[in-house]
Structures are given as C-alpha cells and as structure tokens.
Amino acid sequence: MLTDSEKTDFFDRGWFIRRQQFSVSEIETMKRCFTSLENKARALWGTELSDGAFFVLGEKDGGQVIKRVVWAGGTEPELLAIGNDERLTRPAADLLGSSAMEQLLSQAHFKRPRDGVTFGWHQDIQHRDKGNDTWSDPNGRGSFVQTLIAVDDMTPDSGPLKFIAGTGSIGAIGLDSHHYQSSSEQPPDLPFDPSNAVTIDATAGDVIFFGPYAIHASFENTSSNYRRVFINGYAYPGANKRQYPGDGACRLITVNDV
Ligand SMILES: O=C(O)CCC(=O)C(=O)O
C-alpha cells in the first residue's frame, strides 16, 4: 500500500523514492541484461528495431553512443519479467486507480562515462501525447506512472535525475522540444528556475516513481562509472492510442486486489 505521504509526494511534489526495493542479486541480473544489450548494440550500424527491442544509437568521437533501448524487455526476458513485478506494478496501479494497466515503457538508459547522453528539462507527457488524439487522461490525474530503477548508484557527478518540486499536477505546460534536446543545464528561456531543482541521490536498487507532469532532467555523466537506469511505465487503460516499438510493447498488466 502507498502511504499518504507517498501519494502527496507523487501528485503534489512530483515524485517519491522507495529505497532498496531490489536486492544485490536482482541488480546483478539487470546489469547482465544491460551488458547483453550493449553487446547487441555493438553489432548494429544505427538506430533500428532488432530482436524485439528498438535501439536508439548515436555517435561521439567515432564511438557508438547508446541513447536508449526502447522496450528492452523485448529482447531480454528477465527485464520483461521485472516490468510485471508487483514492487513496480502495485504502487503504479494504486496511483492510477486501476488494477489493469498498459505497460508502455521497458526502457534501458546507459549513461556511460562522458558519453554525452543528456535528457534536458521535460515532462513525460511530451513523449506520451503526440497530438492528433494520441493520448487522453481518463483518470483525470495524468493517467501515467513512470518507475525508474537505479541499476547503479546515482551520484552528483554521474548525471543524476533532477526534479522541479511542486510540478506533479501542473498539467502539460508545453515545454518546447528543444528543452528536451538541450545539453545545457540552464537554457535561457525556461518557465521555471532550474537552480531550484532537487538532485536525486539514489543507490542501486532504489526506485523512483513520478508522473507525466513532473518537470525533470538529467545531464552528462562526468564520473568514471556507468549510471544505468531501468525504466518501466504504465498507463491507465484507454489513455494511450499509439503503438510503441518493440515485440509485445503496450501489453496489458493486471494487479490483483487493488
Ligand atoms: O536516464 C535519465 O536520467 C532520464 C530519465 C528521464 O528523463 C525519464 O525517465 O523521463
């Protein structure tokens, strides 16, 4: 069950963290899957759907950059199984107010040292609602829950997540897509003050829960360690009208007794 303060943190502040949800050996399994994804990416020439997952790849200084692997569970069954784990799905169902959910995301982020991968200031609704009736909000509270498992420790220099507190229920504010692209911590024209952002400090095994309106970002990993996260995202049934890439993406998940 969620506590009242977790609910308030999610809907008002924008996020909450459950510490040490996954054991050392479960994290080791996730790391093995991420290594397998890296090996699979190495065999690819560019962004493509391969073996059930969608690899979004780039290049820096002549080397391959893995920007993200969309529907990673499509090629790594152990990651797919985690997407149906009640440590993620039960709180998500509770927040959505529905025992049935559509799993939209099973996404691997790598952030290898100095690989240039950044996620500029954005709200996740920008990636759910692509206009033309691709998204609706049947539960009236955003209809989406994102969960992010820290696979490595998230330290101040490893490109940690940053949130703007108080944005959990502000609705879509129409941040420009260039904010999402930006690698700069402080683009000049943001409608909020990034210097007030809260930097998340997480240990491998922690899970961060946040909604579609929470404004957040993460910048370059300047440490000498990997900063991997595994993201699973769940929508209220009927909210999403797009097909996401990857074998089995947008599957229906049901949690008992919510
Ligand atoms: O890997 C990251 O830090 C980015 C996470 C993020 O922006 C998201 O899940 O929407």
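The shown structure was predicted, so the numbers you read here are calculated from the model rather than taken from an experiment.

Peer 1: Just to check I follow, could you spell out helix α4 (residues 86-96) for this structure?
Peer 2: Two residues of an α-helix separated by three or four positions point the same way, owing to the 3.6 residues in each turn. Where α4 is concerned, the buried positions are Leu88, Thr89, Pro91, Ala92, Ala93, Leu95 and Leu96. Backbone geometry just downstream of α4 places Gly97 in the positive-phi region, at approximately 75°.

Peer 1: What is the right way to read the sheet that holds strand β6 (residues 119-122) from this model?
Peer 2: Read from one edge of the open sheet, 4 strands run β6-β11-β8-β9, paired in antiparallel fashion. Both edges of this open sheet fall to β6 and β9 (198-199), since each of them pairs with a single strand only. Bridging between β6 and strand β11 (residues 216-218) involves 2 bridges; their strand directions are antiparallel. Looking across to β11, one finds that His122 is bridged to His216.

Peer 1: What's the story with the site of the ligand in this structure? I'm lost.
Peer 2: Around the ligand, the neighbouring residues are His109, Phe119, Asp124, Gln146, Leu148, Leu161, His216, Ser218, Val229 and Ile231. Elements with a contribution of two residues or more to the shell around the ligand: β7 (144-150), β11 and β12 (229-235). Residue composition of the shell around the ligand, by class: 5 nonpolar, 4 polar and 1 charged.

Peer 1: How should the environment of Phe209 be read in this particular structure?
Peer 2: One can find Phe209 in strand β10 (residues 207-210). Sequence separation between Phe209 and Arg18 is 191 residues; the distance between their C-alpha atoms is 8.0 Å. In this view, Phe209 contacts Phe10, Trp15, Phe16, Pro91, Val145 and Thr147; residues no more than four positions away in its chain are not counted.

Peer 1: Is there a simple way to think about helix α2 (residues 24-42) in this case?
Peer 2: In this model α2 runs 27 Å from its N-terminal to its C-terminal C-alpha over 19 residues, within 8% of the 27 Å that 1.5 Å per residue would give. When we look at burial in α2, the residues that qualify are Met30, Cys33, Phe34, Leu37 and Ala41. End-on, the buried residues of α2 take up no more than an arc of 100°, which puts them together on one face. Residues Val24, Ser25, Arg32, Thr35, Asn39 and Arg42 are exposed on α2 and point more than 90 degrees away from its buried face. For α2, the elements touching its buried residues are β3 (53-60), β4 (63-70), α3 (77-82), β5 (100-109) and β12.

Definitions and cut-offs
Residues numbered from 1 in each chain as written. Predicted model: local features only at pLDDT ≥ 70, side-chain atom pairs only at ≥ 80, totals over all residues. Buried ≥ 20, exposed ≤ 12 C-beta atoms within 10 Å, placed from the backbone. Helix = DSSP H or I, 4+ residues; strand = E, 2+ residues; numbered from the N terminus. Pairing = 2+ DSSP bridges. Near = placed C-beta within 6 Å. Nonpolar A, V, L, I, M, F, W, Y, C, P; charged D, E, K, R; others polar. Contact = placed C-beta atoms within 7 Å. Expected span 1.5 Å × (residues − 1). Arc of directions from axis to C-beta.

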